[in-house]
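Chain and residue survey
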Amino acid sequence: MKTPDPKEIDETKVSDSEIDSSDLLKELDKIAHHFGNDTSLEIHEQEAPQEQIKLHFEETEKSEYSLDEIKHDHLKFHLTGHSEHTPDANVKDLRPALSAPFTNFEYIRHDFPLLIKTSSDNCIEPLKDYLDNLVEQSGLNTDEQRNLKLLLLKLELILKKESANHSALVFKQAWDLAVKNFWQSSNSHKQKTDSLKTLISGFSDQINDHSELISYSKGAELTLFKAARLKQWQKKMAPFFGELEDLVEHLKNILKVSKKTSGESYTPDALQNTMGQPGSDELDFNSFSEIVTQSFAKESLPANRIERIKSVITILNRWFKIISSMEQSEKFLDRLVADSTTKALKIYKSQKEDLIEFFKAIRIAKLEIEHRYEEEKHDPFFEDFSSLYLSEEDWSHFPPIILYFKAREIKSADKADLIDVLASKMPIKVLVTVDDLYNASTFFDESFYSPGWSAVLGKMALSINTTFVLQFPLSHMINVLSEIEQGLQSDRAALFCVFDGFDQEQEMVAPFVRSAAASESRAFPLFYYNPNQGNSWAAHFSIAKSSQHKSDWPQGEIEILEGDSVKTEKLDFSLGDFLTGLERYKEHFLPIERSEWHGDLIPLTEYIHSDFENINKSIPYILMANDEGAMQKVIVTKTMCRLCVDAQIRWNRIQELSGINNSHVIEQVEKEREKMTKEMQEKLVQAEAKHKAEMEQSVEGLTNEIISNIAAGLLSDEMISIGSGTGISAPQATIPKAAPKQEAIQDEVKEKPEALEAATEEEEDLSFNDPYIDTPLCTSCNDCCNLNDQMFAYDENKQAYIKDAKAGTFKDLVTAAEKCPVKIIHPGKPLNPDEPGLDELIKEAEKYN
Amino acid sequence: MFGVSINNIIDIDQKNYSMEDYQGDTPRWCPGCGDNGILTAAQRICREEQLPPEKTVFVSGIGCSSRFPHYMNTYGFHGLHGRALPIAEGIKIRRPDLHVFVNMGDGDCTSIGTAHWIHAIRYNFNMTVMLHDNGIYGLTKKQASPTSPLGTKSNTTPKGSFLNPLNPTVTTLGVENVSFVAQAVEWIPELLYDIIRQAYHHKGFAFIRIMQRCPHYTPAMFDPLMSTPENLMLLTHKDGMQISDPLKKVYKNIVEHDPSEKLKANYYAEMTDKMPIGILYKNENIPTYDGLRAPERTVTPQMKEEALNQEFDKFGINPRD
Ligand SMILES: Cc1ncc(C[n+]2csc(CCOP(=O)(O)OP(=O)(O)O)c2C)c(N)n1
Ligand code: SF4
Ligand code: SF4
Ligand SMILES: [Mg+2]
């Protein structure tokens, strides 16, 4: 389907594919032309893509009925689903005109088959991108590149055909087989292909054994989810690789050292062994053993500790093994897939125990390595160790559990449990294959119109608000890969609803196209909700990856062949188009021949946008085409129209959630506009009134003022003494001078330290009689403390202070002051007036006070 | 790592270390020796940073100052004359988790150990290096050292030394990869502590030249600096040394110096009329040797032994062959 708006093209892979397909054809044409008669690189007959279907209108014989009869019958069918005329075609043999270009689907390049390359960073990649990259990176000139491209396109076709018969293939095998087939069937000139052969075999060598080719097939979603999960978890666990190795190595070392120092290695035999043959007769190993045992042998580690270390090593080794290789991790994760909630819960529980055990072991290991494990303290702690002791970061290593089922297969009880699971904090990723889209078995007739349980599951899960939800058609898998990764990464449960288009045997439309069509027709909208992203609906929810998400129905363009010219026409793609392919709705569509077309027929989407419940003159139709591209108008019943309206309502509400045409906003904007208009008007009236009043008042006031000013001026002293003119400056004298004020502040600043100093000096003067030390300046030289350690002591910074002035003589104080290298001991005045030789000492002390 | 922080969970295990926890043997330096003050500052930094003694190593060479490790109650290595740095580097490369401090005398570092010193600056190992500069060989009883002021009378220069002294800060600043150079005096404890603290936090080779009094052999050497506070020029900056208000009253010769400015650092280092005190130069962007060459995997002694044995076995000669 072609889309009119180039901006929208990127949003749907289907349009991409279509572009690719025409590119491919053009490319092939060009190259075939380029090589002229040289058939060496031409596509083999059976591989040649069929002609694209050309849409056209087919002239038919004149109808046997009159126009009135025709109109009457059409209206009857529209209203009741019954027609008296025998239809000339079966809707089963037609396809919506917009999907006609996708008829020879196997020749269309699209995202499938996918390559899963567990060893590379973009682990899931469309085969076509992979091949295109090979061309781009080949470093060949343009001409050679085209040769290579053509060859790879052919290989791609072969690979596609190979993979179509298998859900998964080992890529290397498939590739080698394709290459072999290709060379066998190509009868090309040797020189021409030699360089290509070398190139291709070079590519072959680069492919590793682990890559897989996944075709568009039932259950592909599970394979892809598993691959994405594996890649993600591996990455998450990668840092543990070195860490676990380290821990185990250290722990083993503890055990080894313990053994070495345990005396075992000092037995005569052990000693003799270490000496080897020569010289062994010259030593008495018994006495040697006695000597070394006495001097070296230490006690070996306590049995408990050895036991503990060993068990930790076992656990860590187990995990090390799991994360040590892709295969081991894969094997481990493969067990974490359930097909019922009960199983998923069981897996969760055992997984949780495992994870707790793992982090517990890491913690014990770290303590052990630092020799900090104390049994009386840590035994009870680890006895008690539970999930509560795990950090958020620890939890994030929980390997996601995949709960995978098909919507039709789920049991009623599981349906109820599912909501519990989804609302939980368990990292259970629910992957539902929607196979009942507008196709569910019904309880009673009225539910005939229901789009199906699993088709609305995604939207219901939105109301949990804390659960990640992604609903997407399998065809768009690559488009939403990053969203899938986010969902897998979130530490909570997540819901993925996927529609693969395999719901019914569909001959006319390939499952891939059906799956995309389900999303385009709003039957199964693509949306996602990520509660971990931002803090509002706007941040959580998005339909931006849905095709033309701002409109009710996406619009496409078809090319119609009319004689020799081609005209284009725009068509909407609606739910009606999508449902044409379903057996159970076939009664609602009636194809009519060109000779029976008339002016009351209008396109379905146009019809449902009108007030069709009340005005029922027109008859809605959908344009469809047969295998030859001949187009038919297909009349649609009113019931079908109502289904379409329902789907549109559901879609419009989803749009609102994502902020498109939000009704609250529209309502509010309308209200605001009204309010503002009203306010503006009121203000205008008020302003006018006020203005008028002010004008009146000020004219009056101004008059008074002028009169009084004139009077005052005439009466002032200055006026009287100085005369006129200078009086104007008089009021300025009252304005305070700014400059002096600033100066004052500066003075204050200057004065302050001096004032402070004076204050401190006063303080110092007060305590002059008591001895003291400028402790912060003490260099801890020990001199004073050595002299009298009762009198002098160190504080908590190992700097001296006077602990007890009475614990010694005044002489001690003066001597210490003399000795102190940084002269910070101040002896003060003697406390004991009877101490001998005071006069001398006081004189000496002056120097230091 | 990976949110597995054992310390968060088992904090009953956490200890609080006090000064005493870092005090080893009683110092046997002469009375009034400046090494005491440096020791106190080192013990204080350990206490403030709560460095587990078993995770801390003090490495020294030979000299009075090199007795330092004995007086610290941490791991220590009283090495060979001039070889403190290679030993410290060995420790750091094998055990990057340890806090490594180095104490050297002026003879130790700038004379016999010069080659190691120069290369250690270039290697830029993450460690704190203190040069106790008393301008003399103390332990061997008074011989002139490269930093002895011109005219120093000593046993080897009885008529006074005749060469201009080497300036360790200028030399250090001149070596490629220099990342931290500071100068301190041991008799202003507050500044000494602040400089060692910043050196400790610097990621790289943090070199501090500390003017250290030797009252026994060169009692008057620093008199001009001690008696006239103006002779000390305190370099301060928001990224440099911090000075308390009371201290500013005593030491009034204070200038702003941004330690990221290399040319200015050189200018101050070369100054002869005043003694600049503070952080001369600091550059956090120089890669450290231990960072560049950190082993990616654990190699236990056991593994090494096995590897060595395998290697030796290749050359082994079996006598019976
Ligand atoms: C290889 C070697 N050479 C010489 C000596 C002798 N020696 C011991 S300490 C010393 C100098 C000490 O001076 P310094 O390094 O400044 O330390 P200080 O004692 O001043 O703290 C010398 C030359 C030695 N111990 N080893
Ligand atoms: S003599 Fe002075 S420097 Fe030494 S410890 Fe006592 S107060 Fe401190
Ligand atoms: S000789 Fe000098 S440096 Fe050595 S301990 Fe004595 S005072 Fe300190
Ligand atoms: Mg010295």
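Criteria and thresholds
- Position labels on residues start from 1 in each chain and follow its written sequence.
- Chains carry letters from A onward and ligands carry numbers from 1 onward, assigned in written order.
- The predicted nature of this model means local features are confined to residues of pLDDT at least 70 and side-chain atom pairs, given and counted, to a pLDDT of 80 or more, with totals for whole chains, interfaces and linings taken over all residues.
- With hydrogens and water stripped out, all remaining heavy atoms of the structure feed into the side-chain values.
- Note on terminology: a nonpolar core comprises buried Ala, Val, Leu, Ile, Met, Phe, Trp, Tyr and Cys residues joined through side-chain atoms within 4.5 Å.
- Per-residue accessibility, obtained with a 1.4 Å probe over protein chains only, is compared with the maximum for each type, and a residue is labelled buried under 20%, exposed over 50%, and partly exposed between these values.
- What makes two residues a contact is simply this: any of their non-hydrogen atoms within 4.5 Å.
- Working definition: helices are DSSP H or I runs of at least four residues, strands are E runs of at least two. Numbering for both runs from the N terminus.
- The near set for a molecule or strand comprises every residue that places at least one heavy atom within 4 Å of it.
- Polar contact is defined as a pair of N or O atoms within 3.5 Å, subject to the rule that within protein one atom must be able to donate a hydrogen and the other to accept it, and that residues adjacent in sequence are counted only when both atoms are side-chain atoms.
- Residue-level accessible areas treat just the shown protein chains as cover; the underlying method is Shrake-Rupley with a 1.4 Å probe.
- When residue character is reported, Ala, Val, Leu, Ile, Met, Phe, Trp, Tyr, Cys and Pro are called nonpolar, Asp, Glu, Lys and Arg charged, and the others, Gly included, polar.
- DSSP-based pairing: two strands are paired if at least 2 bridges between them are found.
- Think of each axis as a best-fit line through the C-alpha atoms, taken over the contacting stretch in the case of a helix, with angles from 0 to 180 degrees between the N-to-C directions.
- The donor set covers N, O and S atoms within 2.8 Å of the metal, switching to 3.2 Å for Na, K and Ca, and it leaves out water, so a site may look short of donors.
- Throughout, a crossing is termed right-handed when the near helix is turned clockwise from the far one, and left-handed when it is turned anticlockwise from it by less than a right angle.
- By definition, no residue in a patch forms a salt bridge, and every one has over 30% relative accessible area; like charges are joined within 9 Å, nonpolar side chains (Val, Leu, Ile, Met, Phe, Trp, Tyr) within 5 Å.
- Any carboxyl oxygen of Asp or Glu within 4 Å of a side-chain nitrogen of Lys or Arg constitutes a salt bridge here.
- A positive count includes Lys and Arg, and a negative count includes Asp and Glu. His and the chain ends are not counted in either.
- Charge positions come from single atoms, namely NZ of Lys, CZ of Arg, CG of Asp or CD of Glu.
- Buried surface area refers to the total accessible area, computed with a probe of radius 1.4 Å, that the two partners give up upon joining, counted for both partners together.
- Helices are assigned an expected span. That span is 1.5 Å times one less than the residue count.

**Considerations on the nonpolar core**
L244, L316, V430, L437, Y438, L575 and L579 of chain A are the most contacted members of the largest nonpolar core, which totals 123 residues. Contact partners of L244 of chain A, with chain neighbours within four places excluded, come to L316, W319, F320, I323, F358 and I362 of chain A. Core analysis: the second largest hydrophobic core is formed by 67 residues, C785 and I825 of chain A together with I196 and L234 of chain B among them.

**So, the environment of L813 of chain A**
Inspection of the secondary structure puts L813 of chain A in helix α28 (residues 810-819). A C-alpha to C-alpha distance of 9.5 Å links L813 of chain A and I802 of chain A, two positions 11 residues apart in sequence.

**Regarding the site of ligand 1**
All names here are of chain B. Taken together, 16 residues form the shell around ligand 1, and within it C64, S65, D106, G107 and D108 come nearest. Take I136: an N or O atom from its main chain is 3.0 Å from an oxygen atom of ligand 1. Relative to its unbound accessible area of 590 Å², ligand 1 is 74% covered by the protein chains. Elements supplying a minimum of two residues to the shell around ligand 1: α5 (106-112) and β5 (136-137). The element that contributes the greatest number of residues to the shell around ligand 1 is α5, accounting for four residues. Looking at side-chain class alone, the shell around ligand 1 contains six nonpolar, eight polar and two charged residues.

**Describing the sheet that holds strand β12 (residues 527-529) of chain A**
Residues and elements named next belong to chain A. With respect to topology, seven strands assemble into an open sheet ordered β7-β8-β9-β11-β10-β12-β13, the strand pairing being mixed. In the strand order of this sheet, the two ends are held by β7 (337-338) and β13 (541-542), each with one partner. The sheet contact formed by strand β10 (residues 468-473) and strand β11 (residues 494-499) spans six bridges and is parallel. Residue L470 lies in a different strand from β11, and its bridge partner there is F496. Along the sheet face, helix α18 (residues 481-489) touches β9 (428-433), β10, β11 and β12 and points at about 150 degrees away from the line of β10.

**Focus on the sheet that holds strand β8 (residues 205-211) of chain B**
Residue and element names in this part refer to chain B. Spatially, the nine strands line up as an open sheet ordered β2-β1-β3-β4-β8-β7-β11-β9-β10, and their pairing is mixed. For this open sheet the edge positions go to β2 (75-78) and β10 (254-256), each flanked by a neighbour on one side alone. Each strand of the sheet is rotated relative to its neighbour by a mean of 20 degrees, with strand direction disregarded. Against the sheet, helix α8 (residues 189-201) engages β3 (99-105), β4 (127-133), β7 (180-185), β8, β9 (232-236) and β11 (275-282), with an angle of about 160 degrees to β7.

**Observations concerning the coordination of the magnesium ion (ligand 4)**
Residues and elements named next belong to chain B. Distances from the magnesium ion (ligand 4) to its protein donors, D106 (OD), N134 (OD1) and I136 (O), fall at 2.0 to 2.1 Å. For the magnesium ion (ligand 4), the single-chain donor residues occur in sequence as D-x27-N-x1-I. Like I136, N134 is buried.

**Brief notes about the site of ligand 3**
For ligand 3, the full set of nearby residues is W29, C30, C33, C64, N134, Q212, C214, P215, H216 and Y217 of chain B. Considered class by class, the residues forming the shell around ligand 3 number seven nonpolar, three polar and no charged.

**As for the packing of α28 of chain A against helix α29 (residues 838-846) of chain A**
In a packed pair of helices, the relevant descriptors are the angle between the two axes and the axis-to-axis distance. All names here are of chain A. It is at 10 Å that the axes of α28 and α29 come closest, and there the two elements cross at 35 degrees. Read as a crossing pair, α28 and α29 show a hand that is left-handed. On α29, the residues that touch F810, K811, V814 and E818 of α28 are L838, L841, I842, E844 and A845.

**A word on a negative patch on the surface**
On the surface, E376, D379, E383 and D384 of chain A cluster together into a negatively charged patch. Relative to the assigned elements, E376 of chain A resides in helix α14 (residues 375-383).

**A look at the interface of chain B and chain A**
Listed per partner, the contact involves 36 residues of chain B and 43 residues of chain A. At the boundary of chain B with chain A, total buried surface from both sides reaches about 3,300 Å², with 55% on carbon and sulfur atoms. For the pair chain B and chain A, the interface holds zero salt bridges. Taken together, the residues that form the side of chain B that touches chain A break down as 16 nonpolar, 11 polar and nine charged.

**As for α8 of chain B**
All names here are of chain B. With 13 residues, α8 should cover 18 Å at 1.5 Å per step; its first-to-last C-alpha distance of 18 Å lies within 8% of that length. Burial analysis of α8 places 10 of its 13 residues in the buried class, which makes it a mostly covered element. Turning to α8, its buried residues are P189, L191, L192, Y193, D194, I195, I196, Q198, A199 and Y200.

**Notes on the environment of H201 of chain B**
By the secondary structure assignment, H201 of chain B is in helix α8. Each C-alpha atom, one on H201 of chain B and one on N126 of chain B, is 9.5 Å from the other, the two residues being 75 residues apart in sequence.

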